[in-house]
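Examining the three-dimensional arrangement
Letter by letter, the chains look like this.
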Amino acid sequence: MADIAATVPSAIPLQPETEVAAATIAARIDRLPSTRYIWWLVLLLSLGGFFDVFDNGLIAYIAPGLFAAKIFTPTTAGFFDINGFASLVASTFIGMFAGTLLFSSLSDLFGRRTIFTFALVWYSLATLMMAFQSTPLAIDLWRFVAGCGIGVELITVDTYLSELMPKDRRGQAFAFNQSFQFLAYPTVSLLSWLLVPNAPLDIEGWRWVTIIAAAGAIVVWWIRLSLPESPRWLASHGRIAEAERITAAMEAKVQAESGGPLPPPEIVRGEVEQAHGAWKEMWQGVYLSRSIMLIVFNLLQSIGYYGFASWVPTLLVSQGITITKSLLYTFVIALANPVGPLIAASIADRVHRKWQLVGACGCLAVFGLVFAQMTTATGIILLGVLITFSTSNLSYAFHAYKAELYPTRIRARAIGFTYSWSRFSTVFVGFMVAFFLRNYGTMGVFGFIAAAMVACCLIIALMGPPTARLRLEQISH
């Protein structure tokens, strides 16, 4: 493979005697070797993200219960029919659009740790309220509120993780993070399979699954106690003493576990640690093309990801499969979600993220078209698993990629703004999928998805910069 740093500003190894005086906080974090402590931080962030994904994926799996309760219908009488399931999907993503667009900058202003906690409590309480509603309007309303919190949390976890991880492990950290989070899909799928067709204690099963989804608020305080604030964020806000204290503690723990001296830090020419960012910076210099690329990609990628993930039980029911079998097949397919990123971890920091994205989008287009032709249980599950591998790797690579493309001072607000366009497009994806499903069947749905994925391949291949094994400060130049 060609030198992956050839097209970016070079990093300069510091001699040990100059290290304390000259190394930035970021440079000291990036030189840390892989130890149990580093992966413990990844696990804690992933645990918070687990509840985020559980809540985000909830509506796809409780949909058959909502249909059985006559609250929602699988298709829509009109494009914006509030009684159709698409309105619930839309409410979630309108909320996520508002959250990522309007509130993602909170993390840049108040810190990664604070907003990580706040957003998790926010959407957990909103989901709990949703569990006790019985009309489409009330459920949509509380789902919108939860969606706002989910959107903020998604941005904060990605930002937080990218800033705590050393550069040589950033890809693997995101792969593990996504894999652990994706355990939420088979978890919510299994719970739905067991509970949705039933009514324990005379309470409808979909309500039980929703109540369980709100449990994230219970564990959030324990997670918070063990997570440090991002030293990069502290340093960028001039809180150098706090950043130094946390970084020194991290170095001490890592050195004790590694049993040897830490490697010398590397700095980037012109590296500036303390700086105030502004929204307009997204549209200047190298960030202009990156912002345009991410906006276009986000408008399209949600068609492939949520067009399948949020609709798979409904698509199966539309093919004449019973609700119980649909939930069983969906559970088996969902088991593939955490496996995909674990497989990708072997190349996570060897192949540039942009090419991993291109490969995932291409596979999703092909496997989706074949899935639409399947009629047997074996074929449905096999192709469903392959599609799930594709979507989970698309998600892992993209979450890592977007968090690498901007500097610390604007990272949360920039990825929040660009990511919000995927939430915007997903508002309409549900209605478009319902339209294609009603008029053209599952083949029409996956033809629509394939076209969007081909466009995604082109935009990333033509405009995406390299990022693997490079310092965030290098990529930011």
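Please read all numbers here as calculations on a predicted model, not as lab measurements.

**Some remarks on the overall build of the protein**
Secondary structure assignment for the protein yields 21 helices and 2 strands. Expressed as a percentage of the 477 residues in the protein, the buried residues total 59%. Roughly 17100 Å² of accessible area belongs to the protein as shown, and the carbon and sulfur atoms make up 69% of that amount.

**Structural notes on the side chain of Glu-281**
Looking at where Glu-281 falls in the secondary structure, it is placed in the loop between β2 (266-268) and α14 (286-309). Look past the residues within four positions of Glu-281 in its chain and what remains in contact with it is Tyr-287, Pro-407, Arg-409 and Ile-410.

**Points about a nonpolar patch on the surface**
Taken together, Leu-288, Ile-292, Val-296, Val-454, Leu-458, Leu-462 and Met-463 make up a surface patch of nonpolar side chains, about 600 Å² in accessible area. At the level of elements, α14 and α20 (411-463) are the ones that each hand at least two residues to the nonpolar patch. Counting residues per element, the nonpolar patch draws most heavily on α20, which supplies 4 residues.

**Details of the packing of aromatic side chains**
A complete count under the given rule lists 26 aromatic pairs for this structure. Here the aromatic rings of Phe-182 and Tyr-185 are separated by 5.6 Å at their centres, their planes lie at 35°, and the arrangement is tilted. Each member of the pair Phe-182 and Tyr-185 is classed as buried. Measuring from ring centre to ring centre gives 5.3 Å for Phe-424 and Phe-428, while their planes differ by 70°; the resulting arrangement is edge-to-face. Of this pair, Phe-424 and Phe-428 both sit in helix α20, separated by 4 residues, roughly a single helical turn. By relative accessible area, Phe-428 is classed as partly exposed at 28%. Here a set of aromatic residues connected by ring pairs shows up, and it is made of Phe-97, Trp-279, Trp-283, Phe-417, Trp-421, Phe-424 and Phe-428. Its end group placed over the ring of Phe-398, Lys-402 keeps NZ or CZ at 5.9 Å from the ring centre. Between the NZ or CZ atom of Lys-402 and the centre of the ring of Tyr-419, over which it lies, the distance is 4.6 Å.

**Considerations on the pattern of salt bridges**
Inspection of every chain in the model, using the stated rule, returns 21 salt bridges. Here Lys-167 and Asp-168 are joined by a salt bridge, their closest N and O atoms 3.2 Å apart. Looking at Asp-168, the relative accessible area reads 25%, which means it is partly exposed. A salt bridge links Glu-204 to Arg-207; its shortest N-O distance comes to 2.9 Å. Note on Arg-207: relative accessible area 11%, which makes it buried. Several salt bridges converge on common partners, so that one network encompasses Asp-108, Arg-112, Glu-163, Arg-411 and Arg-413.

**Re the packing of helix α3 (residues 36-68) against helix α6 (residues 112-130)**
Think of two packed helices as two axes; the pair is described by the angle between the axes and how far apart they sit. At a minimum axis distance of 11 Å, the contact between α3 and α6 shows a crossing angle of 25°. Classified by the interaxial angle, the pair formed by α3 and α6 is roughly parallel. When you trace α3 past α6, the crossing you get is left-handed. Counting all contacts with α3, which are made through Leu-44, Leu-45, Gly-48, Phe-51, Asp-52, Asp-55, Leu-58 and Ile-62, the residues of α6 involved are Phe-116, Leu-120, Tyr-123, Thr-127 and Met-130. Residue classes in the contact of α3 with α6 are distributed as 9 nonpolar, 2 polar and 2 charged.

**Brief notes about the confidence of the model for the protein**
Of the residues in the protein, 89% reach a pLDDT of 70 or more, and the chain-wide mean stands at 85. Note on residues 1-10: pLDDT under 50 across the span, and 17 contacts to partners over four residues away in sequence or across chains. Within the model, pLDDT remains below 50 along residues 12-21, and this stretch shows 16 contacts once partners closer than five positions in the same chain are excluded.

**Focus: the state of the cysteines**
Applying the stated criterion across every chain yields a total of 0 disulfides. Left without a disulfide partner, Cys-363 is nearest to the cysteine sulfur of Cys-457, which lies 8.8 Å away. Under the relative-accessibility criterion, Cys-363 is labelled partly exposed at 35%. Cys-457 carries a free sulfur, and the closest cysteine sulfur to it, the one in Cys-361, is 5.0 Å from it.

**Re unusual backbone geometry**
One non-glycine residue with positive phi stands out, namely Asp-202, at about 65°. Structurally, the position occupied by Asp-202 is in the loop between α9 (184-195) and α10 (205-213). Although it is not a glycine, Arg-469 adopts a positive phi angle of roughly 60°. The topology assignment puts Arg-469 in the loop between α20 and α21 (472-475).

**A look at helix α4 (residues 85-103)**
In this model, α4 (19 residues) spans 27 Å end to end at C-alpha, consistent with the 27 Å of a helix rising 1.5 Å per residue. A large share of α4 lies buried, amounting to 15 of its 19 residues.

**Observations concerning the packing of α3 against α10**
Between α3 and α10, whose axes approach to 9 Å, the crossing angle comes to 175°. The orientation of α3 relative to α10 falls into the category roughly antiparallel. Facing α3, whose interface residues are Phe-54, Asp-55, Leu-58, Ile-62, Gly-65 and Leu-66, α10 presents Trp-206, Val-209, Thr-210, Ile-212 and Ala-213. Counted by class, the contact of α3 with α10 contains 8 nonpolar, 2 polar and 1 charged residues.

Conventions we followed
Residues numbered from 1 in each chain as written. Predicted model: local features only at pLDDT ≥ 70, side-chain atom pairs only at ≥ 80, totals over all residues. Heavy atoms only, no water. Helix = DSSP H or I, 4+ residues; strand = E, 2+ residues; numbered from the N terminus. Buried < 20%, exposed > 50% of the residue type's maximum accessible area, 1.4 Å probe, protein only. Areas by Shrake-Rupley, 256 points an atom, 1.4 Å probe, with all protein chains shown as cover. Contact = heavy atoms within 4.5 Å. Patch = residues over 30% accessible without salt bridge, like charges linked within 9 Å, V, L, I, M, F, W, Y side chains within 5 Å. Salt bridge = Lys/Arg side-chain N within 4 Å of Asp/Glu carboxyl O. Phe/Tyr/Trp six-rings, centres within 6.5 Å; stacked < 30°, edge-to-face > 60°. Lys NZ or Arg CZ within 6 Å of the ring centre and 35° of its normal. Axes fitted to C-alpha atoms, helices over the stretch in contact; angles between N-to-C directions. Parallel < 35°, antiparallel > 145°, perpendicular 65-115°, else oblique. Left-handed = near helix turned anticlockwise from the far one by under 90°. Nonpolar A, V, L, I, M, F, W, Y, C, P; charged D, E, K, R; others polar. pLDDT = per-residue confidence, 0-100. Disulfide = S-S within 2.5 Å. Expected span 1.5 Å × (residues − 1).

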